[in-house]
Amino acid sequence: MPRVGAAKVRSLIRAFGSLGEASRASPGAIAELCKDIGPALAEEVVAALRSDFAAREEARAEAANVRILTWEDALYPESLRAIPSPPLCLYCVGEPRRLAQAQVAIVGTRRPTVYATEQARRFAFALAEAGIHVTSGLAEGVDAAAHQGALDAGADAPGKTLAIIGTALDCVYPEGNKPLAREIARSGGLVVSEYPFGRHGDAKTFPQRNRLVAALAKATLVVEAGVRSGTLITASFAQDFGRTLYALPGRVDGPAFVGNHTLIRNGEARLVMRPADILEDFGELDLREGRPDAGGEGEPIGLSEDERRLWGALAPGEEIALETLAERAGLPLPAVSALAIGLQMRRLLRPLPGGLVARARR
């Protein structure tokens, strides 16, 4: 209902114990016990609660392989419960467990420079390889580049990507990103909406989507934002929610990065130049998936199958060339080089002079 959000639903539940009980109450009783719901709105609430809308919506969800999460669901993320107006429902396609796992939001303009597109993909790829999920809004430009960068890390990468959209799942916007949304869901990621079937986007839904992007992520990276970019709405939400904010530096002789530079100059965002800057912070904050177990030289958690093969081929305290490591693990050298970079970023391997690597000291 357009005029009924989280606050009024909480008021109904406090007054009657559940929405089911509220549906059996009279409009007068609702208006009397819920001071934020007047008599006219109370009649609309009762009519809506007694309608078959929920049953029809559940049937559509089942037919479309959509899972609907409410506040009562164990998979509903705590990070959203804590914000002022949490979604009443989350419509999910893909793996809903991702909602509670470590995420970094990567956001930026819909019309990025080539540099910004490259950096969005670069950071997303590295974060996904390191076991951090990449969250964005499925918009054109930086959002799409970030999702694609995470997908480029491959099916074995422990980090996936989450698309939080500002429309219903059956009204994905922009139209051209529908294949990307399907690929995200198929790859073990997640596509999420807070809107019922049939809801198209408008001037309100996309900023509301931005608040979810900022709330779900432990940190937000601003890749490219002009002075009036909608990206700054997400940055503002991240600050309001107490999340870490990062920004990339860009050209200083044009308007494209004015938003980034303003955030950095005002001390609101940390300047980052490489994915390791973010990964190091995640290590310090103990937020990363795939970090080592507390006990000695045991296998770290969160490794992909190929990473486990690589880890098992390297003895504790041993210093070894990548070529030798590739032979032992039975993997191609290019693949071992890429895996080694990812493990170094996660502080599991350390590079040594002469092209050697060793397990990181723990």
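See the structure printed just above.
Residues numbered from 1 in each chain as written. Predicted model: local features only at pLDDT ≥ 70, side-chain atom pairs only at ≥ 80, totals over all residues. Heavy atoms only, no water.

**Digging into the nonpolar core**
Grouped burial of nonpolar side chains is what soluble globular proteins tend to show.
Move 1: Counting residues in hydrophobic clusters, the biggest one holds 44 residues, and the most contacted among them are Leu12, Ile30, Leu80, Leu90, Leu99 and Val222.
Move 2: When residues in this core are grouped by element, the largest group, five residues, is from helix α10 (residues 205-216).
Move 3: Contacts of Leu80, omitting those with residues within four sequence positions, involve Pro86, Pro87, Leu90, Leu212, Ala215 and Leu216.
Move 4: Ranked by size, the runner-up nonpolar core spans 27 residues in total, among them Ala128, Val142, Ala145 and Ala150. (Core = buried A, V, L, I, M, F, W, Y, C linked by side-chain atoms within 4.5 Å. Buried < 20%, exposed > 50% of the residue type's maximum accessible area, 1.4 Å probe, protein only. Helix = DSSP H or I, 4+ residues; strand = E, 2+ residues; numbered from the N terminus. Contact = heavy atoms within 4.5 Å.)

**Comments concerning the sheet that holds strand β9 (residues 270-271)**
Hydrogen bonds between backbone atoms are what pair the strands of a sheet, whose relative direction is either parallel or antiparallel.
Move 1: Overall, mixed pairing links the nine strands, which are arranged β1-β2-β6-β5-β4-β3-β7-β8-β9 in an open sheet. If you trace the sheet from one side to the other, it starts and ends with β1 (67-70) and β9, each paired once.
Move 2: Relative to strand β8 (residues 244-247), strand β7 (residues 219-224) is paired through four bridges, and the arrangement is parallel. Bridging from a neighbouring strand, Thr220 pairs with Leu245 of β8.
Move 3: Sheet contacts for helix α8 (residues 142-152): β3 (103-108), β4 (133-136), β5 (161-164) and β7; angle to β3, the most-contacted strand, approximately 140°.
Move 4: Where α10 meets the sheet, it contacts β3, β4, β5 and β7, and its direction lies at approximately 150° from that of β5. (Pairing = 2+ DSSP bridges. Axes fitted to C-alpha atoms, helices over the stretch in contact; angles between N-to-C directions.)

**What about the packing of aromatic side chains?**
Move 1: Evaluated as defined, the whole model comprises four aromatic pairs.
Move 2: With a centroid separation of 5.7 Å and 65° between ring planes, the pair formed by Tyr115 and Phe257 is classed as edge-to-face. Of this pair, Tyr115 sits in helix α7 (residues 114-129) while Phe257 sits in the loop between β8 and α12 (258-265), and the two are 142 residues apart along the sequence.
Move 3: For Tyr115, a relative accessible area of 34% corresponds to the partly exposed category.
Move 4: The ring of Trp71 carries Arg10 above its face, with NZ or CZ at 5.2 Å from the centroid. (Phe/Tyr/Trp six-rings, centres within 6.5 Å; stacked < 30°, edge-to-face > 60°. Lys NZ or Arg CZ within 6 Å of the ring centre and 35° of its normal.)

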